[in-house]
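Structural description and commentary
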Amino acid sequence: MRLEVCVDSTAGALAAEAAGADRVELCCALFEGGLTPSAGAIAATVAAASIDVHVLIRPRGGDFIYDGHEVRAMLRDIEVAAEAGARGVVLGALTPDGDVDTALCERLVAAAGGLSVTFHRAFDMARRPLDALEAVVDLGADRLLTSGQEVSALEGAPLIAELVAAAGDRLVVMPGGGITERNIARVLDLTGASEVHCSARTTVDSPARHRNGRPAMGGALRPEEFSRRATSRPAVEAILRAAAG
């Protein structure tokens, strides 16, 4: 079993590496479900970590239907990731009817060149999952990240198992979504997957000694200003132990 950990910082990538993870997906804005990290964050993480770094290519939150400006940004972000030395990119796009946007995704995959390509959880919003799987295979992607079109990979395990069987050796189907040390063994058993994606995050207190609690740096629905979410090395290690049985 190979473990990919979703991280939003260089420190998170180093924690995942130290715990024994095989790969990290680097992003930012996990509150939005993950967006493309900055060029500086990509460069800093690739320089500091020995683990494979795959970069999320997603210009905004919300749906996966992109206009021309967003497409240009995504193409440039792929170039930036490649120039920084990332080993892969994580991408995806849909049409308004809920099909894989093959025309756009072909452009994105072509821009990735020799980088490893993962099709992300845009797949979980596709209307016909088995048809979407075939479209992703035809793109030449290396893997597909999915929760089985449910809230969590455990709930989506029946569909994931079907996708694993349908993909065969053409594509790695990688469960992701709500995976912890408490359920990873069951997800592996139910799906037959060979790779798993998790976040393994914990809340840590801010080092700030001066704290003004009146203003806020976000909207009404926001995280606390004086705490952070961070990748937890112990949590990654616990997931790996649970997967090993």
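Look up: the structure comes first, before these words.
In short, a report on the structure. Being a predicted model, the structure only gives us computed values, none of them experimental.

With that settled, the discussion passes to the overall build of the protein. Summing up its helical and strand segments, the protein has 8 helices and 10 strands in all. Over its C-alpha trace the protein gives a radius of gyration of 18 Å, about what one expects of a compact globule, namely 18 Å for 245 residues. For the protein, the spread of C-alpha atoms along the principal axes amounts to about 55 × 45 × 35 Å. Considering only intrachain contacts with a sequence separation of at least 6, the fraction spanning at least 24 residues in the protein is 65%. Total accessible area computed for the protein in this model is approximately 11500 Å², and 50% of it derives from carbon and sulfur atoms. Counting 24 positive and 33 negative side-chain charges, the protein places the centres of these two groups 7 Å from one another.

Now for the nonpolar core. Formed by 66 residues in total, the largest nonpolar core has its most connected members in Val100, Phe119 and Leu171. If sequence neighbours within four positions are ignored, Leu171 has contacts with Leu133, Val136, Val137, Ala141, Asp142, Arg143 and Leu144.

Our focus in this paragraph is the pattern of salt bridges. Any two side chains of opposite charge can pair, given that their charged atoms come close. Tallied over the full model, the rule gives 19 salt bridges. Glu70 is the salt-bridge partner of Arg60, the closest N and O atoms lying 2.5 Å from each other. Of the two residues, Arg60 sits in the loop between strand S3 (52-56) and helix H3 (68-84) while Glu70 sits in helix H3, which places them 10 residues apart along the sequence. A salt bridge links Arg143 to Glu195; its shortest N-O distance comes to 3.1 Å.

A few words on the sheet that holds strand S8 (residues 195-198). As summarised here, the arrangement of the 8 strands in space is S7-S6-S5-S4-S3-S2-S1-S8, forming an open sheet in which the pairing is parallel. Every interior strand has two partners, whereas the edge strands, strand S7 (172-175) and S8, have only one. If you compare each strand with its neighbour and ignore which way they point, the axes differ by 25 degrees on average. Here S3 pairs with strand S4 (residues 88-91) via 3 bridges, running parallel. In the strand pairing of S4, Leu56 is matched with Val90.

So, about the pairing of strand S1 (residues 2-7). Along S1, 5 of the 6 residues are buried, which leaves the element largely enclosed by surrounding structure. Taken together, the 4 bridges between S1 and S8 define a ladder with parallel strand orientation. Within the sheet, the bridge partner assigned to Glu4 lies in S8 and is His197. Of the pairings in the sheet, the one linking S1 to strand S2 (residues 23-26) comprises 4 bridges and is parallel in character.

As for its position among the elements, His54 is in strand S3. Other than its neighbours up to four places away in sequence, His54 contacts Glu4, Arg23, Val24, Glu25, Leu26, Arg87, Gly88, Val90, Ser116, Thr118 and Arg143.

To continue, consider the packing of helix H1 (residues 10-19) against helix H8 (residues 233-244). Put simply, H1 and H8 touch, their axes get as near as 8 Å, and they point 35 degrees apart. Considering only the axes of H1 and H8, their crossing is right-handed. When H1 is examined against H8, the residues Ala15, Ala16, Ala18 and Ala19 are found in contact with a partner set consisting of Arg233, Val236, Glu237 and Leu240. Its residues assigned to classes, the contact of H1 with H8 shows 6 nonpolar, no polar and 2 charged.

Further remarks concern H3. Here H3 spans 24 Å end to end across 17 residues, near enough to the 24 Å set by a 1.5 Å rise per residue. Listed in full, the buried residues belonging to H3 are Glu70, Val71, Met74, Leu75, Ile78, Val80 and Ala81. Contacts from the buried residues of H3 go to helix H2 (39-48), S3, S4 and helix H4 (102-112). One side-chain oxygen at the N-terminal end of H3 lies 3.1 Å from the backbone nitrogen of His69; it belongs to Asp67. Directly beyond the C-terminal end of H3, a positive phi value near 100 degrees is found at Gly85.

On to helix H6 (residues 157-167), then. By the burial criterion, the buried members of H6 are Ala157, Leu159, Ile160, Leu163 and Ala167. Angular distribution of buried residues about the axis of H6 spans 155 degrees; they occupy a single face of the element. Of the exposed residues in H6, the ones pointing more than 90 degrees away from its buried face are Pro158 and Ala165. Structurally, H6 contributes buried residues whose contacts are with helix H5 (129-139), strand S6 (143-146), S7 and helix H7 (184-191). At the exit of H6 stands Gly168, carrying a positive phi of roughly 55 degrees.

Quick notes on the rules
- Residues numbered from 1 in each chain as written.
- Predicted model: local features only at pLDDT ≥ 70, side-chain atom pairs only at ≥ 80, totals over all residues.
- Heavy atoms only, no water.
- Helix = DSSP H or I, 4+ residues; strand = E, 2+ residues; numbered from the N terminus.
- Rg over C-alpha atoms; globule rule 2.2 N^0.38 Å.
- Contact = heavy atoms within 4.5 Å.
- Areas by Shrake-Rupley, 256 points an atom, 1.4 Å probe, with all protein chains shown as cover.
- Lys, Arg positive; Asp, Glu negative; His and termini not counted.
- Charge placed at Lys NZ, Arg CZ, Asp CG, Glu CD.
- Core = buried A, V, L, I, M, F, W, Y, C linked by side-chain atoms within 4.5 Å.
- Buried < 20%, exposed > 50% of the residue type's maximum accessible area, 1.4 Å probe, protein only.
- Salt bridge = Lys/Arg side-chain N within 4 Å of Asp/Glu carboxyl O.
- Pairing = 2+ DSSP bridges.
- Axes fitted to C-alpha atoms, helices over the stretch in contact; angles between N-to-C directions.
- Left-handed = near helix turned anticlockwise from the far one by under 90°.
- Nonpolar A, V, L, I, M, F, W, Y, C, P; charged D, E, K, R; others polar.
- Expected span 1.5 Å × (residues − 1).
- Polar contact = N/O pair within 3.5 Å; in protein donor to acceptor, adjacent residues only side chain to side chain.
- Arc of directions from axis to C-beta.

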